[in-house]
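Structure at a glance
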Amino acid sequence: MVRTGKVFHVRQQIQGDQLYFSSMTSHLIKHPCKKNIALYLGRRLFFTRDNFRSSLLPLSIPTSMKVAGLPEVTSAHIAGSVLLLVVSRKVYIYNYEANYWNTSIGIEHPVSHVSGDNCCYSGHPFCVDISNSVFAYLHGDQISQTNIYFSNNGGFRYQKFAYEKQAELVGSLGGIFYFHSLSQVGLLLIDQGKARFSYSEHPLNFSFGLPFDYNGTLNILITPGQKGILIFWFERSLLLSRNSGQLVYPVQVKEGPHTLLSSISEANVTIYSVAANEYELAVLTRENNLYYGSLGILSTSLIKFTGQNIWSQEAALMFTDVGRVEILVPLSDPVFPAFDFEKCPVNIQAILMDPQLQVDVCKVELLQGEFDNKMYTIDMNSELELTALMIPRPGMSLVPLAMVSNPHSLGLQAVIYEDGYTYDGNTRHRLNISLRQQHHWGRADPNFTSSIKRPTGSTITLDIANKEISCVDLKPLTALISVGCDQEKKIPGHNCFTTVRIKDAYDPNFQGQKASEDLVVHYHYEKLGCPHLVYYNTPWKPVVELWREGKFQEVIQAEFVLLEVNGLFTYTYSLTANTALCRSQPQNWTTIMSDAGDKGLFSWNRENYVSCHDPDNNAPLMWPDVPYQILGGPTANKVIFEQRNGIYIFYISIVDPYYSYCHLETTFSVYVYGAFPLSVIPTAVIIIPLVVMLLSVWLVYAIPKLLHTEKGLRFKSFWAHLCRRCRKACFRGGN
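Residues numbered from 1 in each chain as written. Predicted model: local features only at pLDDT ≥ 70, side-chain atom pairs only at ≥ 80, totals over all residues. Heavy atoms only, no water.

The name recorded for the chain in an unreviewed UniProt entry is Cation channel sperm-associated auxiliary subunit delta, from Canis lupus dingo. Taken verbatim from the UniProt record of the chain, the Sequence similarities (unreviewed entry) comment is "Belongs to the CATSPERD family." The chain has a UniProt comment under Subcellular location (unreviewed entry) that states "Cell projection, Cilium, Flagellum membrane". (UniProt positions renumbered as here; feature names shortened; annotations may be inferred.)

Okay, structure coming up:
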């Protein structure tokens, strides 16, 4: 019995409208990352931050939220540090860390449910995106016309979600979920007592999951850890899927050493509460039965524990640790408004040791790997090596099985070998697992693999396929793999404070038109370092290096683009679209900026780049003589500077979509030198006087030498004779 805060007769008051749950059964939601955070949903709601170790007031919503009608809760989800509740067809937010309520923004139609997941591995953006992704929808609405809302910030703001071909789907909506283990959005369709999943992305968007029986309104539980394990349950039905709904099947039940039922419906019991963690499943029935099962990598079956008086109308199940289950019952107090809690702890391992259950002893002594419960990133063309150690019991053999949740994106290869012996003579087995993108193994059909351009995710799980249910403490080894951007990859800026004045050589609109006034640019040495020297009359291409965690990796040969950040346009490119052998019209900064809109100037990246050498690019080559503005890749394109000295500050972006999932970009500077200043005087004004001057100098030098030659004497005699005749003619005229 948990009873706290009631020594002194200080009555706490319930403020606001008291919430209640619409279901006839009790539910309990635990935060998978913050183990002490939990929400109990029954005739009253209780929210705890200490795992129900203290008495609690029923959860209420402030009257300022203006809930219409009765404050009935139909769905709840804990997203990070906020509690999302659907109350009277609206989504409300309770920030339990800051202790304030708010209404979600952007939902314009009634909704009944929210769905989401939580990632507990790290603060990696991929993990944060998982926790922030939330759907809101109206359960039972016709899929073709229903309104679905999606939030990428933890449920604070929503926008309408456009599901491809939604108008063509037939049936009612049973739910929509983001299956991060498969990198797919799954839509559950219900039609004529059957249900199946539709998926959003290639290659699963061309078909449906296998149909399964849909009896009643199934509660859908996504187990923690992004393994793709789904649990569907109702009073008479318990179903399981290990691959995000592609295949759904009934859970088998063992009611003794020799009795195996194909489903829980054959056990003739009524399910009241279901709980699951990353590895285990527990079921409480109205008949005072507790069932337990391990969510192993192959099959899951429940084993029935002997009945006790453990069920009540308010009872709810929860896992407090691996192999530890608690049955929780809130109890009202006739004096105080705060409720106490009755807890019934169950040690699964101790019960399984009961000889009456005839459970085999676990044949595994050790399953260990440093990758367990960690997150890794595999970027484009990268690999990941994992290793695990296994030790069986003497005389036992193991069947290890490694499995990825998203085989369309991530492929693996495993090698097992003996690695010595323990002190007591047991054989040590070592398993090496190699992971890389499925595309690069070369073993899968293109119709099976997901789009290589799209970042995806998967989990890798290593388990013992033939282990017994008694291996409670021997949990599978699991790691989350982000097939996407490696955040440690960088393009370093080139490695002094000065001011640069640019005149008549820049355009603030980046259209190549001269500006009307000068621009003064302050050079940031701390960011840019010293500029690299480039001779103006030599075609130039920057050497782009890739670094990771402060270490040089390689020189990038992929395609990239440059843009002078201050609008300088006194440079061009050595190749045109024609000489670059383009099949179609290549992109350029002008077209990119016109399409960017509010995304900013520097928006040319791997996501919007289209190669003009791509045979699937149907854009006609209408202007073959335009400069080809892409560097690197299959061409020898280079930058050609005009006759101008000065500093250029370039933005560089790797646009090749097959090089990395990251937006690799940086800013660096170069100093162009060696160009003589352009003359402001017209060329003809300079050349004509210069030619006359040079001719005069030549005549001064050449004529005296010529007069001493034979031709010079005749030339001199001719002019002398001509002068005498002129004098005579002038003398006669004077007389």
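Moving on, we get to unusual backbone geometry. Leaving glycine out, the prevailing phi sign among residues is negative, and the prevailing peptide bond configuration is trans. A cis amide bond links His202 to the next residue, Pro203, at an omega of 5°. Checked against the element boundaries, Pro203 lands in the loop between β17 (194–199) and β18 (212–213). A positive phi is found at Gln358, a non-glycine position, where the angle reads about 50°. Counting through the fold element by element, Gln358 comes out in the loop between α2 (348–352) and β32 (364–369). Judged by relative accessible area, which is 52%, Gln358 ranks as exposed. (Helix = DSSP H or I, 4+ residues; strand = E, 2+ residues; numbered from the N terminus. Buried < 20%, exposed > 50% of the residue type's maximum accessible area, 1.4 Å probe, protein only.)

On to the sheet that holds strand β3 (residues 27–30). Pairing within the open sheet is antiparallel, and its 3 strands lie in the order β3-β4-β5. One side of each edge strand has no neighbouring strand; the edge strands of this open sheet are β3 and β5 (45–48). Taken pair by pair, the neighbouring strands of this sheet meet at an average axis angle of 10°, ignoring direction. (Pairing = 2+ DSSP bridges. Axes fitted to C-alpha atoms, helices over the stretch in contact; angles between N-to-C directions.)

On to empty space enclosed by the protein. Over the atoms rolls a probe the size of a water molecule, and its path tells where empty space is left. In this model, the largest cavity occupies a volume close to 70 Å³. Here the residues of the lining of the largest cavity are counted per class, giving 5 nonpolar, 6 polar and 2 charged. Roughly 50 Å³ of volume is contained in the second largest cavity. Residue composition of the lining of the second largest cavity, by class: 7 nonpolar, 1 polar and 3 charged. (1 Å grid on protein atoms, 1.4 Å probe; cavity = no way out; pocket = protein on both sides within 12 Å on 5 of 7 lines; lining within 4 Å. Points joined across faces, edges and corners; volume = space filled by probe spheres on them. Nonpolar A, V, L, I, M, F, W, Y, C, P; charged D, E, K, R; others polar.)

With that settled, consider a nonpolar patch on the surface. Nonpolar side chains collect at one region of the surface, where Leu533, Tyr535, Tyr671 and Tyr673 lie side by side and expose about 390 Å² of accessible area between them. Of all the secondary-structure elements, those providing two or more residues to the nonpolar patch are β43 (532–535) and β50 (665–673). Within the secondary structure, Tyr671 sits in strand β50. The exposure class of Tyr671 is partly exposed, given its relative accessible area of 31%. (Patch = residues over 30% accessible without salt bridge, like charges linked within 9 Å, V, L, I, M, F, W, Y side chains within 5 Å. Areas by Shrake-Rupley, 256 points an atom, 1.4 Å probe, with all protein chains shown as cover. Salt bridge = Lys/Arg side-chain N within 4 Å of Asp/Glu carboxyl O.)

It is worth spelling out the layout of surface pockets at this point. If you add up the space inside the second largest pocket, you get close to 880 Å³. Lining the second largest pocket are 41 residues, and of these Tyr178, Ser183, Glu201, Arg454 and Pro455 sit closest to its centre. The element best represented in the lining of the second largest pocket is helix α1 (residues 125–132), accounting for 4 residues.

Going through the model one piece at a time under the given rule, you end up with 38 aromatic pairs. Plain terms: the ring middles of Phe161 and Tyr163 are 6.4 Å apart, the flat faces sit at 45° to each other, and that makes the pair tilted. Ring centres 6.4 Å apart and planes at 55° place the aromatic pair Trp540 and Phe668 in the tilted group. Taken together, the positions of Trp540 in the loop between β43 and β44 (545–548) and Phe668 in strand β50 put the pair 128 residues apart, joining distant regions of the chain. Judged by its relative accessible area of 2%, Phe668 falls in the buried class. Three or more aromatic residues joined by ring pairs make a cluster, and in this case those are Trp540, Tyr571, Tyr573, Phe641, Tyr648, Phe650 and Phe668. Lying across the ring of Trp441, Arg436 places its NZ or CZ 4.3 Å from the centre. (Phe/Tyr/Trp six-rings, centres within 6.5 Å; stacked < 30°, edge-to-face > 60°. Lys NZ or Arg CZ within 6 Å of the ring centre and 35° of its normal.)

This brings us to the state of the cysteines. Considering all chains together, one arrives at 5 disulfides under this definition. In this model, Cys33 is linked to Cys120 through a disulfide, with the two sulfur atoms separated by 1.9 Å. On the sign convention where negative is left-handed, the bridge of Cys33 and Cys120, at about -80° about the S-S bond, is left-handed. Note that Cys33 is positioned in the loop between β3 and β4 (38–41) and Cys120 in the loop between β11 (113–116) and α1, a separation of 87 residues in sequence. Judged by its relative accessible area of 30%, Cys33 is partly exposed. What pairs with Cys362 in a disulfide is Cys471, and their sulfur atoms sit 1.9 Å apart. Disulfide Cys362-Cys471: torsion about the S-S bond near 105°, hence right-handed. (Disulfide = S-S within 2.5 Å.)

Further remarks concern the confidence of the model for the chain. When pLDDT is averaged along the chain, the result is 88; 87% of the residues meet or exceed 70. Counting interchain partners and residues more than four positions distant, the pLDDT-below-50 stretch residues 495–501 has 22 contacts. (pLDDT = per-residue confidence, 0-100. Contact = heavy atoms within 4.5 Å.)

The next subject is helix α5 (residues 589–596). Turning to α5, its buried residues are Trp589, Ile592, Met593 and Ala596. Seen from one end, α5 has its buried residues packed into an arc of 95°, which puts them on one side. Of the exposed residues in α5, the ones pointing more than 90 degrees away from its buried face are Ser594 and Asp595. Where the residues of α5 are buried, they touch β46 (560–564) and β49 (646–654). Just downstream of α5 lies Gly597, where phi reads positive at about 65°. (Arc of directions from axis to C-beta.)

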